[in-house]
Amino acid sequence: MAELLVVEDEEKIGQLLVSALGANGYSVSWCQDGAGALAVARTGSFDLVLLDLGLPDVDGIEVCRMLKRQQPQCIVVVLTARRDEMDVIEGLESGADDYLTKPFRMTELLARVRAHLRRASVGEFVSEAFTNGELTLDPAARRCLVRDREVALRPKEFDLLARLASEAGRAVTREALMDDVWDRNWFGSTKTLDVHIAALRHRLAEAAESLEPPARVPVITTLRSHGYRLEIEVEPPVGGQ
Ligand code: CA
């Protein structure tokens, strides 16, 4: 479960954030000033911090700098009532990963939080091996095996499969795949995604069928105008007849 820290002095906003994030399955801590936030951050580790810039004690930008020094991997999303462009730039230069201007919509905030945590977990996935059916993906070694035969994938095909595997059994949108496998500044055609999926399917099927008996590999389902899903094979129950 992702660990979130909310740093917000306004009682009403803080409560709204804590309950909305909690309802979305995050574990949430709440601090109402900068000193408290830095103290909490020294004792625990957080995946993401929602940081109000207008705090009663320390300037939020300073809190952001110190947080990033303590926990460089922590994602900081700044909440600010300041609309001045210079403030936003200063916020991002202090190490913040993103910012939202108050007033903000809760749905927008939740979408940003989800997107940041998803990107972070794709990075984490890189060290974890994935096995389903007779497909094994070892991102640390960048190896893809079907049964015990190595399948040669192109770098983007490998990344795409690893990304789908990081949410196996779940729909992954085209936007998420484009953002994570290419990058968020990709301005080319998203047709490139379909081409890579087709190549990936072909290579996996070819590898599976070349074995005797043919290997079982999870299939990639197309979700029209939405994205793709790597299907999880249901394992036969252990000890069943
Ligand atoms: Ca405030």
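Above this text you will find the structure in question.
So, a few notes on the structure that sits alongside this text.

Conventions and cut-offs
- Residues numbered from 1 in each chain as written.
- Predicted model: local features only at pLDDT ≥ 70, side-chain atom pairs only at ≥ 80, totals over all residues.
- Heavy atoms only, no water.
- Helix = DSSP H or I, 4+ residues; strand = E, 2+ residues; numbered from the N terminus.
- Buried < 20%, exposed > 50% of the residue type's maximum accessible area, 1.4 Å probe, protein only.
- Contact = heavy atoms within 4.5 Å.
- Areas by Shrake-Rupley, 256 points an atom, 1.4 Å probe, with all protein chains shown as cover.
- Pairing = 2+ DSSP bridges.
- Axes fitted to C-alpha atoms, helices over the stretch in contact; angles between N-to-C directions.
- Core = buried A, V, L, I, M, F, W, Y, C linked by side-chain atoms within 4.5 Å.
- Donors = N, O, S within 2.8 Å, 3.2 Å for Na, K, Ca; no water.
- Salt bridge = Lys/Arg side-chain N within 4 Å of Asp/Glu carboxyl O.
- Disulfide = S-S within 2.5 Å.

### As for the overall build of the protein chain
Move 1: Along the protein chain, the regular secondary structure elements total eight helices and 12 strands.
Move 2: Looking at the 241 residues of the protein chain, the share that counts as buried comes to 41%.
Move 3: Once local pairs closer than 6 in sequence are excluded, the contacts in the protein chain between residues at least 24 apart make up 58%.
Move 4: Total accessible area on the protein chain is roughly 13,000 Å²; 52% of this is exposed by carbon and sulfur atoms.

### Some words on the sheet that holds strand E10 (residues 171–173)
Strand pairing in a sheet relies on backbone hydrogen bonds, with the paired strands running either antiparallel or parallel.
Move 1: Spatially, three strands are ordered E10-E12-E11 in an open sheet, and the strand pairing comes out antiparallel. Two strands bound the open sheet, and with one partner strand each, they are E10 and strand E11 (220–223). On average, each strand axis in the sheet is tilted by 30° relative to the strand beside it, whichever way the strands run.
Move 2: For E10 and strand E12 (residues 227–230), the ladder comprises three bridges, and the chain directions are antiparallel. Along E12, the bridge assignment pairs Thr173 with Gly227.
Move 3: On the sheet, helix H7 (residues 174–181) packs against E10 and E12 and is oriented at approximately 70° with respect to E10.

### A closer look at the nonpolar core
Move 1: In terms of nonpolar packing, the biggest core is built from 32 residues, with Cys144, Val146 and Leu161 touching the most fellow members.
Move 2: Mapped by element, the contributors of at least two residues to this core are strand E7 (135–138), strand E8 (143–146), helix H6 (155–165), H7, helix H8 (191–209) and E12.
Move 3: With sequence-adjacent residues up to four places away left out, Val146 is seen in contact with Glu134, Leu135, Val151, Leu204, Ala207, Ala208, Leu211, Ala215 and Val217.
Move 4: Core analysis: the second largest hydrophobic core is formed by 19 residues, Val7, Cys31, Ala41 and Leu53 among them.

### Let's talk about the sheet that holds strand E2 (residues 27–31)
Move 1: Read across the open sheet, the five strands follow the order E2-E1-E3-E4-E5; overall the sheet is parallel. In the strand order of this sheet, the two ends are held by E2 and strand E5 (98–101), each with one partner. Across the sheet, the mean angle separating the axes of adjacent strands is 20° when strand polarity is ignored.
Move 2: Pairing between strand E1 (residues 3–7) and strand E3 (residues 48–52): four bridges, direction parallel. Following the sheet pairing, Leu5 is matched in E3 by Val49.
Move 3: Its contacts with the sheet put helix H1 (residues 11–23) on E1, E2, E3 and strand E4 (75–80), and the angle it makes with E2 is roughly 170°.
Move 4: Contacts from helix H3 (residues 60–70) reach E3 and E4, with the element oriented near 160° to E3.

### Remarks on the coordination of the calcium ion
Move 1: For the calcium ion, the protein coordination sphere consists of Asp9 (OD), Asp52 (OD) and Gly54 (O), at 2.2 to 2.3 Å.
Move 2: Within one chain, the residues donating to the calcium ion are spaced in sequence as D-x42-D-x1-G. Of the two residues, Asp9 sits in the loop between E1 and H1 while Asp52 sits in strand E3, which places them 43 residues apart along the sequence.
Move 3: With relative accessibility at 27%, the residue Asp9 sits in the partly exposed group.
Move 4: Assessed through its relative accessible area of 4%, Asp52 is described here as buried.

### Overview of the pattern of salt bridges
As a working rule, side chains carrying opposite charge can pair if their charged atoms are close by.
Move 1: Evaluated as defined, the whole model comprises 17 salt bridges.
Move 2: The salt bridge partner of Glu231 is Arg229, with a shortest N-O separation of 2.9 Å.
Move 3: Judged by relative accessible area, Glu231 falls into the partly exposed class, the value being 24%.
Move 4: We classify Arg229 as partly exposed; its relative accessible area is 24%.
Move 5: Each of Glu8, Glu10, Asp52 and Lys102 takes part in salt bridges that share partners, so that together they form one network.

### Observations regarding the state of the cysteines
Move 1: Applying the stated rule across the entire model yields zero disulfides.
Move 2: Unpaired in this structure, Cys74 has its nearest cysteine sulfur neighbour in Cys64, at a distance of 9.0 Å.
Move 3: The exposure class of Cys74 is buried, given its relative accessible area of 1%.

### Some thoughts on the pairing of E8
Move 1: Of the two faces of E8, only the one carrying Cys144 and Val146 is buried; Arg143 and Leu145 on the other face are not.
Move 2: Bridge count between E7 and E8: four bridges; the pairing is antiparallel. Paired with Leu135 across the two strands is Val146, which belongs to E8.
Move 3: Between E7 and E8, which pair antiparallel in sequence order, lie four residues; one of them, Arg142, sits at a positive phi of approximately 50°.
Move 4: As paired strands, E8 and strand E9 (residues 149–150) are joined by two bridges and run antiparallel to one another. Note on E9: the bridge partner recorded for Val146 is Arg149.

In short, geometric facts, not functional conclusions.
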